Amino acid sequence: MRSGRLAVDGAELYYEVRGAGPALLMISGAGGDAGYYSGIAEGLADAFTVITYDRRGNSRSTGGNGALMALSRQAADARALVAELAGGRALVFGNSGGAIIGLTLAARHPECLVALIAHEPPAVNVLPDGDPARGFFTELAARYEAGGAPAAGRRFAETTRGEGSYRWPADLWERFLGNADHLFGHEWPGFAAFHPDEAALRSAPFPIVLAAGADDRGTYYARPSVEIARRIGAPWVEFPGIHMEFLRHPSLFAAALRVLATQMYATDGRVPQLWRGVPAAP
């Protein structure tokens, strides 16, 4: 693994690169930390150049200047990473808020994507009027206003199926706690207001797949993926496990992602006859 920092408008983005082969940019959700994907990135480095990063204002990246964080800025950051580290185009995987950023990237900067996998975007605004889940972001914003990040964070964990059934890496957990005020105070409004650009996504010149975990059926963060897929005419697939199965069982999740990512690169015609992300054994 090699790491570095990329200077972008108003920030420096910390990134990590593993492996070799076709580029796979992975965008994290709440907490914005590259460490969510460390295990899965190791598991995919034999087949892909896996790029992970701390989103602007989170963890080891800078740019948390107290202003509200626009999704357009988040998408521009992802585009800059693709330009610098992936030769201008990459397959993009995003989970949760990272899937919302991925959908924004696909709509605003289609030239930099080979394909997009949007896993469980909590785009509650696509749910039917009157659906109780549409009030999720408002509820947590109110809890943050009343009790700060601890109150909002506890409620967030309560609504995320499977949390508490496994342990986070200690360093990731520590960084996440340090990012909580940035999440609820500055990123939350952008995620809450998100509406997918359905026309742009329908006309995207690359494949888009929406996805959700098998254990998350019926949740507020899984159901929007089905609705977005229906609206834009994209496939929907089921991954194993929970919202962050890549933390709980990274090998299991990596195996599922490998199949889909390889297939999507095959559609683009960019799978080489043979690739190896690590040196062959002697």
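Scroll up a little and you will see the structure.
Note that the structure is predicted; figures quoted are calculated from it, not measured.

Novice: Pulling in residues and values, what's your account of the packing of helix 4 (residues 136-159) against helix 5 (residues 170-192)?
Specialist: Where helix 4 contacts helix 5, the axes come no closer than 10 Å and their chain directions differ by 170 degrees. Here helix 4 is positioned roughly antiparallel relative to helix 5, judged by the angle of their axes. For the pair helix 4 and helix 5, contact is made by Phe136, Phe137, Leu140, Ala141, Tyr144, Ala149, Ala152, Gly153 and Phe156 and by Ala180, Asp181, Leu183, Phe184, Gly185, Trp188, Phe191 and Ala192, respectively. For the contact of helix 4 with helix 5, a count of residues per class yields 14 nonpolar, 2 polar and 1 charged.

Novice: Summarise helix 3 (residues 97-108); cite the residues concerned and give the values.
Specialist: Its 12 residues give helix 3 an end-to-end C-alpha distance of 16 Å, which sits within 8% of 16 Å, the value for a rise of 1.5 Å per residue. Burial analysis of helix 3 places 10 of its 12 residues in the buried class, which makes it a mostly covered element. Those residues of helix 3 lying buried are Gly97, Gly98, Ala99, Ile100, Ile101, Gly102, Leu103, Thr104, Leu105 and Ala106.

Novice: Help me get a handle on the side chain of Thr52, residues and values and all.
Specialist: Along the chain, Thr52 turns up in strand 4 (residues 49-53). We classify Thr52 as buried; its relative accessible area is 1%. When residues no more than four places from it in sequence are discounted, the contact partners of Thr52 are Tyr14, Tyr15, Glu16, Arg18, Met26, Ala34 and Tyr37.

Novice: An account of the environment of Ala41 is requested, with residue identities and associated values reported.
Specialist: Relative to the helices and strands, Ala41 is located in helix 1 (residues 38-44). Classification of Ala41 by relative accessible area gives buried; the value is 0%. Sequence separation between Ala41 and Ala157 is 116 residues; the distance between their C-alpha atoms is 24 Å.

Novice: I'd love a proper account of the side chain of Arg55, names of residues and values included.
Specialist: Summarising the element assignment, Arg55 is placed in the loop between strand 4 and helix 2 (71-85). Side-chain polar atoms of Arg55 contact the backbone oxygen of Gly29, separated by 2.6 Å. Setting aside its immediate chain neighbours within four residues, Arg55 contacts Ile27, Ser28, Gly29, Ala30, Gly31, Gly32, Ser61, Gln74, Ile101, Glu187 and Phe191.

Novice: How would you sum up the sheet that holds strand 6 (residues 113-119)? Please name residues and give values.
Specialist: Two modes of strand pairing occur in sheets, parallel and antiparallel, and in both the strands are linked by backbone hydrogen bonds. Spatially, 8 strands are ordered 1-2-4-3-5-6-7-8 in an open sheet, and the strand pairing comes out mixed. In this open sheet, the two edge strands, each paired with only one partner strand, are strand 1 (2-8) and strand 8 (236-239). Ignoring which end each strand starts from, the neighbouring axes of this sheet average 25 degrees apart. Relative to strand 4, strand 3 (residues 23-27) runs parallel, the two sharing 4 bridges. Of the residues in strand 4, the one forming a bridge with Leu24 is Val50. Lying over the sheet, helix 3 contacts strand 3, strand 5 (90-95) and strand 6, oriented at roughly 150 degrees with respect to strand 6. The strands touched by helix 7 (residues 223-232) are strand 7 (208-213) and strand 8; relative to strand 7, the strand with the most contacts, the crossing angle is about 160 degrees.

The rules behind each value
- Residues numbered from 1 in each chain as written.
- Predicted model: local features only at pLDDT ≥ 70, side-chain atom pairs only at ≥ 80, totals over all residues.
- Heavy atoms only, no water.
- Axes fitted to C-alpha atoms, helices over the stretch in contact; angles between N-to-C directions.
- Helix = DSSP H or I, 4+ residues; strand = E, 2+ residues; numbered from the N terminus.
- Parallel < 35°, antiparallel > 145°, perpendicular 65-115°, else oblique.
- Contact = heavy atoms within 4.5 Å.
- Nonpolar A, V, L, I, M, F, W, Y, C, P; charged D, E, K, R; others polar.
- Expected span 1.5 Å × (residues − 1).
- Buried < 20%, exposed > 50% of the residue type's maximum accessible area, 1.4 Å probe, protein only.
- Polar contact = N/O pair within 3.5 Å; in protein donor to acceptor, adjacent residues only side chain to side chain.
- Pairing = 2+ DSSP bridges.

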